[in-house]
Amino acid sequence: MSQPVELSLEQQFNIRSFETQVQKMSREQAQDFLVKMYEQMLMRETMYRHFLKHQWGLEPEMP
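Just so you know, these numbers come straight off a predicted model, no measurement behind them.

Rules and cut-offs
Residues numbered from 1 in each chain as written. Predicted model: local features only at pLDDT ≥ 70, side-chain atom pairs only at ≥ 80, totals over all residues. Heavy atoms only, no water. Helix = DSSP H or I, 4+ residues; strand = E, 2+ residues; numbered from the N terminus. Buried < 20%, exposed > 50% of the residue type's maximum accessible area, 1.4 Å probe, protein only. Patch = residues over 30% accessible without salt bridge, like charges linked within 9 Å, V, L, I, M, F, W, Y side chains within 5 Å. Areas by Shrake-Rupley, 256 points an atom, 1.4 Å probe, with all protein chains shown as cover. Salt bridge = Lys/Arg side-chain N within 4 Å of Asp/Glu carboxyl O. Expected span 1.5 Å × (residues − 1).

**Comments concerning the overall build of the protein**
Next up, step 1: When you go through the protein residue by residue, the secondary structure sums to two helices and zero strands.
Next up, step 2: Counting across all 63 residues of the protein, residues that qualify as buried make up 2%.

In structure tokens:
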């Protein structure tokens, strides 16, 4: 069985800092922020997929 991934101390600190920032936001600001974060997450996922396809030779190279 694989072990769960653990966050570094720096990442844990960043989460606490992020939590503080979010608590200071209005509901509308937090909702807008969530939508933007989700969009960035999807863009990152798409970039990873393209990168892996290219690395694994599953996608033709662009000229």
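**Focus on a nonpolar patch on the surface**
Next up, step 1: A surface patch of nonpolar side chains, amounting to about 490 Å² of accessible area, comprises Phe-51, Leu-52, Trp-56 and Leu-58.
Next up, step 2: By the element assignment, Trp-56 lies in the segment after α2 (27–55).

**Some thoughts on α2**
Next up, step 1: Its 29 residues place the ends of α2 42 Å apart at the C-alpha level, agreeing with the 42 Å of an ideal helix rising 1.5 Å per residue.
Next up, step 2: Gly-57 lies just past α2 and shows a positive phi near 75°.

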